Amino acid sequence: MKMRSGWLWVLAFVLTLASAVFQRMTGPTYPVRGEVVVGGGGEVAFRLPRSHGGAGDAEVRLEVPDESVNGVMEYRRYRSHDDWAKQSLAREGDLLVAQVPHQPPAGKVMYRIELSKPGQSAVSLTNEPVIIRFRGGVPAFALIPHIILIFAAMLYSTRTGLEGLVGGSRISRLTIWTIGLLLVGGLIGGPVVQKYAFDAFWTGWPFGHDLTDNKTAVAFVFWLIAFWRIKKNAHPRGWAIAASLVLLAIFLTPHSLLGSELDYTQMPS
């Protein structure tokens, strides 16, 4: 029995880690990566940030050893009536560097970068402008526990579902742990992080449409219902499996989708 439980924990950990990586890589704040060929020369690899926390401008750094290559960045605030502004990339040794102007929390900027060599056509790094969102700095004492507890909640949720699949006897105990971790990590820790990042504790329903807040609330309510049914039902396997699948589906939803966002068109000039 102990050996089976150990393998179930290993499987739950692998599934949780895979879902966390998928969520991170498919989210709207994951950097845009790629390669382009400039002027018939070598390939230039790039990594364009889509999120910036703390004070100061967001820096874009491209490794371009060929000193004959120049770059220009065009940018404007997202959801604004701004005209496109231009900025030449500065050379720092083998790097070309641009600065996306700092914005208040939840402010976004659209930017696109072109590279060129003298006498040759410019090459755009991306087909569409990249959108970067700014946020306040989140201290480690708030962010690290939040991440650990949310990961642990997903781990326990998955483990509870696996316990249901094998007909184990620990469903009720594992469910309690899942609910507790969701409460502390998601409904308490999440708003604290949100306050530091975007100066608001809660931007989900009924105050907004922040998907991260909403999906945390949905997951918590569903697990509460599942726990109630598990206590009432002599055969609780179905509820444990269903609740774990709901949280897995929610966890796979890209992080920060429909997140906090300033609308500059509604703000004073």
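As a reminder, the structure under discussion sits directly above these lines.
In short, a report on the structure. Quick caveat: nothing in here was measured; it's all calculated off a predicted structure.

1. Looking at the side chain of Thr 160
Topologically, Thr 160 is positioned in helix 2 (residues 140–165). Other than its neighbours up to four places away in sequence, Thr 160 contacts Ile 171, Leu 174, Thr 175, Thr 178, Trp 223 and Ala 240.

2. Looking at the pattern of salt bridges
For the coordinates displayed, the defined rule picks out 8 salt bridges. Residue Glu 163 is joined to Arg 159 by a salt bridge in which the shortest nitrogen-to-oxygen separation is 2.6 Å. A residue pair is termed a helical-turn pair when its members lie 3 or 4 positions apart in one helix, as Glu 163 and Arg 159 do in helix 2 at 4 residues. For Glu 163, a relative accessible area of 4% puts it in the buried group. Here Lys 195 ties to Asp 199 by a salt bridge, and the two come within 3.0 Å at their closest N and O atoms.

3. Points about the packing of aromatic side chains
Within this structure, the stated rule accounts for 4 aromatic pairs. A centroid spacing of 5.8 Å and a plane angle of 70° characterise the contact between Phe 13 and Phe 151, whose relative ring orientation is edge-to-face. Here Phe 151 lies in helix 2 and Phe 13 lies in helix 1 (residues 2–26), a separation of 138 residues in the sequence. For Phe 13, a relative accessible area of 40% translates into the label partly exposed. Look at Phe 151 and you get partly exposed, because its relative accessible area is 21%. With a centroid separation of 6.1 Å and 85° between ring planes, the pair formed by Phe 141 and Tyr 196 is classed as edge-to-face. Pair noted here: Phe 141 is in helix 2 and Tyr 196 is in helix 3 (residues 171–198), with a separation of 55 residues, a long-range link. Residue Phe 141 is classed as exposed on the basis of its relative accessible area of 61%.

4. A closer look at the nonpolar core
Counting residues in each nonpolar core, the largest one holds 24 residues, and the members touching the most others are Leu 48, Leu 62, Val 100, Tyr 111, Ile 113 and Leu 115. The set of elements that each furnish at least two residues to this core consists of strand 2 (43–48), strand 4 (58–63), strand 5 (70–77), strand 8 (95–100), strand 9 (108–116) and strand 11 (130–135). Counting 17 residues, the second-largest nonpolar core is a separate cluster that includes Ala 153, Ile 179, Ala 243 and Phe 251.

What counts and what doesn't
Residues numbered from 1 in each chain as written. Predicted model: local features only at pLDDT ≥ 70, side-chain atom pairs only at ≥ 80, totals over all residues. Heavy atoms only, no water. Helix = DSSP H or I, 4+ residues; strand = E, 2+ residues; numbered from the N terminus. Contact = heavy atoms within 4.5 Å. Salt bridge = Lys/Arg side-chain N within 4 Å of Asp/Glu carboxyl O. Buried < 20%, exposed > 50% of the residue type's maximum accessible area, 1.4 Å probe, protein only. Phe/Tyr/Trp six-rings, centres within 6.5 Å; stacked < 30°, edge-to-face > 60°. Core = buried A, V, L, I, M, F, W, Y, C linked by side-chain atoms within 4.5 Å.

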